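Inside the fold
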Amino acid sequence: MRHTFVFFILLLLSELSLTGARAADLHPPKQVTAGNGFSIATTGNGDATFYLVGPSDRAKQTVRLGNAIEVAADDVRTAGRYIATVCGSDGCASSAFYVVAAAPAQLSFLVHPSRVPVSAKDAISAVAFVFDKFHNLVLQPVKVDFNVAVKDAPAISRSLPTNNGVAWIRLNATRKGGPAQVVASIGSISEHRVVQQVASDACNLRIKATRKGNSVAVETETVRDCSGNPVPDGTVVTFTATDAKGKTTVDAPIKRGTARVQMRLTGGATISVASGVAMGNEVRIGGTP
Amino acid sequence: MRYLLALLIFAVTLLFVAVGWVTSGGLARAEIRSASTPTEAVQALLADVQSHNWDRAYARLANNKDIDRSAFERDLSGSYRSLRTYSSLEGFDVWPIHAASEQAVVRANLHWSTAVGPIDDVRDLKVEHQGSSWKVDWPSPNLPKVPPQVIPVNYLRWDVINRGPEDDWGEQNVDTPQVRIISMNPVERPDRLIILGEIVNEDTVPAYVNVNATLLDQHNAPMSQEGSFDKISHTLLPKQVSPYRIDFPGIKLKQIKSVRMDAKAMLVPASADPVIEVSGQRMNTDALGKKVLSGELLNESGQPVNIAQTLAVFYDSNGRVIWVSDGYIDQALLPQTPVHFAVDLPDDVAAKVQNYHVTVNHYSSGNS
Amino acid sequence: MISWVAFRRLGLVLFAVLLLARLGPNTAAWAADALPSVQLNADSISPRPIEELTGKNIARDYAYAWQTLAQALDQDRSELLDGYFTGFAKETLSRAVADQKKSGIRVHYIDHGHKVSALFYSPSGDAMQLRDTAQLEVQVLDGDKMVHQEQVALNYLVLMTPAADRWVVRLLETVPGF
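What comes next concerns the included structure.

Here is what the cut-offs are and how they apply
Residues numbered from 1 in each chain as written. Chains lettered and ligands numbered in written order. Predicted model: local features only at pLDDT ≥ 70, side-chain atom pairs only at ≥ 80, totals over all residues. Heavy atoms only, no water. Helix = DSSP H or I, 4+ residues; strand = E, 2+ residues; numbered from the N terminus. Buried < 20%, exposed > 50% of the residue type's maximum accessible area, 1.4 Å probe, protein only. Areas by Shrake-Rupley, 256 points an atom, 1.4 Å probe, with all protein chains shown as cover. Contact = heavy atoms within 4.5 Å. Lys, Arg positive; Asp, Glu negative; His and termini not counted. Charge placed at Lys NZ, Arg CZ, Asp CG, Glu CD. Disulfide = S-S within 2.5 Å. Polar contact = N/O pair within 3.5 Å; in protein donor to acceptor, adjacent residues only side chain to side chain. Salt bridge = Lys/Arg side-chain N within 4 Å of Asp/Glu carboxyl O. Pairing = 2+ DSSP bridges. Axes fitted to C-alpha atoms, helices over the stretch in contact; angles between N-to-C directions.

Digging into the overall build of chain C
Each helix and strand counted, chain C has four helices and six strands in total. Across the 178 residues of chain C, 47% fall into the buried class. Accessible area for chain C stands at about 9000 Å²; split by element, carbon and sulfur atoms hold 57% of it.

Description of the overall build of chain A
Summing up its helical and strand segments, chain A has one helix and 25 strands in all. In chain A, which comprises 289 residues, the proportion classed as buried is 48%. Here the analysis covers contacts within chain A between residues at least 6 apart in sequence; of these, 54% occur between residues at least 24 apart. A total accessible area of about 13700 Å² is found for chain A, and carbon and sulfur atoms account for 53% of it. Measuring between centres, the 30 positive side-chain charges of chain A sit 10 Å from its 21 negative side-chain charges.

Brief notes about the state of the cysteines
Working definition of a disulfide: a covalent bond connecting the sulfur atoms of two cysteines. Residue and element names in this part refer to chain A. Scanning the model with the defined rule gives two disulfides over all chains in all. Disulfide partner of Cys-203: Cys-226, at an S-S distance of 2.0 Å. Its S-S torsion of about 85° marks the bond between Cys-203 and Cys-226 as right-handed, since a negative value means left-handed. Note that Cys-203 is positioned in strand 17 (residues 202-203) and Cys-226 in the loop between strand 20 (224-225) and strand 21 (236-243), a separation of 23 residues in sequence. Each bonded cysteine of chain A is numbered by sequence order, and under that numbering the disulfide pairs are 1-2, 3-4.

Description of the side chain of Arg-123 of chain B
Residue and element names in this part refer to chain B. Structurally, Arg-123 is set in strand 3 (residues 117-130). Here Asp-121 takes part through its side chain, which lies 3.3 Å from a polar atom of the side chain of Arg-123. Those residues in contact with Arg-123 that sit more than four places away from it in its chain are Asp-75, Arg-84, Val-106, Arg-107, Ala-108 and Trp-138.

Digging into the pattern of salt bridges
Per the counting criterion, the structure on display carries 39 salt bridges over all chains. Between Lys-239 of chain B and Asp-201 of chain A there is a salt bridge; the shortest N-O distance is 3.7 Å. Residue Lys-239 of chain B is located in the loop between strand 10 (235-236) and strand 11 (241-249), and its partner Asp-201 of chain A is located in the loop between strand 16 (189-198) and strand 17; the two belong to separate chains. A relative accessible area of 7% places Lys-239 of chain B in the buried class.

Things to note about the sheet that holds strand 11 (residues 124-132) of chain A
All names here are of chain A. Spatially, 9-11-14 is the arrangement adopted by the three strands of the open sheet, whose pairing is antiparallel. Each end of this open sheet is capped by a strand with a single partner; those strands are strand 9 (104-112) and strand 14 (166-171). Strand-to-strand twist of the sheet, defined as the mean angle between neighbouring strand axes without regard to direction, takes the value 20°. Here strand 11 pairs with strand 14 via six bridges, running antiparallel. In the strand pairing of strand 14, Ala-128 is matched with Ala-167.

Written out as structure tokens, the structure reads:
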């Protein structure tokens, strides 16, 4: 009788141990939104160690199999593939799931160039990358509004959907110089950039010369490009004079729209002007009276 | 034995001192101290200049009563942090040009070793017979002195604020300037291949430029790479054009199939001043018979330019760049004070030159 | 009585076993040191075509990025990421290295190569988006105990941007599919 009792006790213990060894498993959702906590259902009995490995996170905790495992919002802020693993006394079971970006919250807006000659075609490129508040690229198509505003000219607007988180456009520079405000926006999120539209090469460069004793004052008219925009101050204008003593050259920057120099010239001289590769007129000045 | 060793060490020391004295030109200096000929007089004077013995050099002058000693010293050792102040007289060649019983003219070619390389300075010196020896009649130093004045300066300056390291990636930055190589011409010389041309800053902001050339062989493989180094105006203001020159010693034109040019530009802070006038430019022949382009530089601003470098580009009848040469000015450019310059070019090139243009690089202490 | 030949064989076997045992823990380091293969296809890139040299550089630098990533994770050294990662990618991976240092849970990649397609090359040439199908063996270790191991093909969306002398990874995001 006593042997029979011991046998039953052993049988019961053996059964209990078999039940405890039932394979642990876990069932995470297929997809989770970044920054949202969620539960992972588990099967099995007994204590186990739960591991969560993501693109930027490594977490480990002791869990009770059969109960749901709560994953905190902070553990799933980075979009990407996560591996959830539980290890019980009988081994480990794993399952993968994806965290996807949350709603758009930030724009990385690349606008080039920062300076562009007026009237240049397709010269401005604007590229917007859409991110959520955790810096995950938002892959769901989102409409980005591009807007270009120039003073005293009608604004240009276009809406484009993102593709793999990117939207881009090319824009022409206007005929008028000055800053162009380029804006990309999604709802209330917007990013501003400024592109300076600058005058092109000097056009119709003209000089006048006046003798003052042994020197000649040479001055340009206001230097403008072919669209009538004033060429920026600092642009170098090269004056060349040829007289009996030889050649005289001066590289002078434009100040307040014009460039002027004082050249020491005796006798008659021929004076010409150029800026970069643009040539101007030529004047002849007589000798001292 | 102990005394023998001491004597040996003493003898060896004496020998070393003697060798040092001879190699430093001591023998030559001793020989020319007597100055019994015009050439010896000039040699003696220059030997003293070389050893910075200004008192003795000054004493050798025939006209030292008419010349201020410090002016004489400044004439040869430089002032205003000019290139001459960073130079030393490495050597000299002297030969007579004209000689009579009481007067002579001696030509001296002074070889200066400077911070930017060797510079030769040719001077024709008058020598007078005084008493039993010859003495040099040193030309009165024409050291410029700028009269006290106020020069109003209203110059442009560009400062640059770039995107900071902590700024977001998408944050807008200022673009590098747009520059363009407007011409490139390979020229073969007996000992080298030279790439010549011009580059323009097409932008509205200043650019710091550098031009590199890579020679490609018959299989399009790179065989040599060189940069323009100081044969270019590195800082180009908007629409400014600079010549460039890149030398490849020991390479022949037939060895290469093509040249890969690379112009690099950076946005840098810069100032539009000083404006330097280059006047009286003309081609002529110097005292040594070399073809040169000479003229005068005039600093139109109110600040001295400590070191100036002229870069001359020469064009043929088709407007093609056929030569680029440069020269450093060893004296400072003081405001409103003309300074002579000359750059040389090979005789065969000079024969083809139809036009030329001179630009000036300037370095001022305390300025960028 | 053991013969001399049998004794030598036993010695050789023991040596081989010891060698394998010695190599065992270091195979990870060996794998991490190897440069993974990267095949770049830029046929469908837009809006601007990729320059030949840029294509070569992208493939080379992306391979280096994966090599340094594996090394950084193996050696718990986030500074190794500085060379080929920047911005969000560097932040994310640095956090991962710091986390695994703290928790003792490590991820080890054995890289079997990358098939990369270039998707987007910005008009001004300052950003390139790539799609990468990576053949990886992923091992998750808790201390010395391996808790997970899998052979897997993972899809990555990558954003690379030019730095001073190379292209660097600015974003490296695993996605369910393309």
